[in-house]
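Results of the structural survey
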Amino acid sequence: MNCKSCGKNNGLEGREFCRNCFLRSVEHRIKKELRLIKKDSIILQVDESAASKVLEQVISQVFENSKRTIKKVAKPVENAFVPVTLDEINAEFLKSILFRKTSGKKGERLKFPLARVTSEECEEYCRIKGIKHEPRNKDEIQKLLGEIEKTYSGTHFSLKSTREKLDEIRKK
């Protein structure tokens with residue numbers, strides 16, 4: 001299969017991109033979210049998950065020549081960058097609608113640089129780069145969303161768009 005981006009005949013199995021273009025695509029989407037941040041110091045919640053490892057890697061790339069300080073914490077604190085992915089955010093959104101349940105996290109006070117990247121992409125990124133990580137358990141909603149995404153590609157991004165539109169309406 002040819003890579004969608006560079007056209008080389010070495011696409012990853014089940015993906016439209018080759019290894020290098022896949023890594024660049026993930027990093028680009030995270031960097032796009034990071035551009036919105038205007039802080040001198042960065043608080044980064046870290047754990048052993050693939051999402052955390054990817055976020056840590058990209059943040060260190062982006063800010064390696066910067067004067068910004070990076071403080072690592074184990075639990076989310078106000079204005080922290082948290083390693084929560086698109087599919088995890090979408091699952092929380094659906095739970096809040098279907099079951100009136102929330103995770104209890106104050107979303108407005110946390111930063112989600114992985115809001116355009118799925119858990120599976122983080123795991124694949126770590127696999128390609130040889131980064132050791134611990135898998136996260138997925139709840140039933142996340143599993144269901146994963147199955148829907150396989151059948152209807154783009155579901156995660158459609159839900160993201162819907163969430164953003166509803167947030168705009170709610171803020172009016």
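Data block above holds the structure.
So, a few notes on the structure that sits alongside this text. (Residues numbered from 1 in each chain as written. Predicted model: local features only at pLDDT ≥ 70, side-chain atom pairs only at ≥ 80, totals over all residues. Heavy atoms only, no water.)

**Focus: unusual backbone geometry**
Rule in force here: Elements are defined by DSSP. Helices are runs of H or I of four residues or more, strands are runs of E of two residues or more, and each kind is numbered from the N terminus. Any residue under 20% of the maximum accessible area for its type is buried, any over 50% is exposed, and the rest in between are partly exposed; the area is computed with a 1.4 Å probe on protein chains only.
A positive phi is found at Asn 79, a non-glycine position, where the angle reads about 65°. Along the chain, Asn 79 falls in the loop between β2 (69–73) and β3 (80–81). In this structure Asn 79 comes out as partly exposed when scored by relative accessible area, which is 26%.

**Comments concerning the pairing of strand β1 (residues 41–45)**
To be explicit about the condition: A pair of strands is treated as paired once DSSP finds two or more bridges between them.
In this sheet, β2 lies alongside β1 in parallel orientation, the contact comprising five bridges. The residue of β2 that forms the bridge with Ser 41 is Thr 69. Here β1 pairs with β3 via two bridges, running parallel. Its bridge partner lying in β3, Ile 43 is registered against Ala 80.

**Considering the nonpolar core**
The test is simple: Residues enter a nonpolar core if they are buried and are Ala, Val, Leu, Ile, Met, Phe, Trp, Tyr or Cys, with the set joined through side-chain atoms within 4.5 Å.
Formed by 22 residues in total, the largest nonpolar core has its most connected members in Ile 30, Val 54 and Tyr 125. Elements supplying a minimum of two residues to this core: α1 (19–34), β1, α2 (50–62) and α4 (119–129). The element best represented in this core is α2, accounting for six residues. In terms of nonpolar packing, the next biggest core, distinct from the first, is built from six residues, Leu 94, Ile 141, Leu 145 and Leu 159 among them.

**Considering the sheet that holds β3**
The strand order across the open sheet built from three strands is β2-β1-β3, with neighbouring strands paired in parallel fashion. Looking at strand neighbours, the two that pair on one side only are β2 and β3, the edges of this open sheet.

**Examining the side chain of Ser 49**
As a reminder of what qualifies: Counted as a polar contact is a pair of N or O atoms within 3.5 Å, where, for protein atoms, one must be capable of donating a hydrogen and the other of accepting one, and residues adjacent in sequence contribute only when both atoms are in side chains. Contacts: residue pairs with any heavy atoms within 4.5 Å of one another.
Assignment of secondary structure puts Ser 49 in the loop between β1 and α2. Here the side chain of Ser 49 touches Asp 47 through a polar contact of 2.6 Å, side chain to side chain. When neighbours within four sequence positions are excluded, Ser 49 is seen to be in contact with His 133, Glu 134 and Arg 136.

**Concerning the side chain of Thr 155**
Position of Thr 155 among the secondary structure elements: in helix α6 (residues 155–171). Polar contacts involving the side chain of Thr 155 include one to the main-chain carbonyl oxygen of Tyr 152, which spans 2.6 Å. If near-sequence neighbours (up to four positions away) are discounted, Thr 155 is found in contact with Ile 148 and Glu 149.

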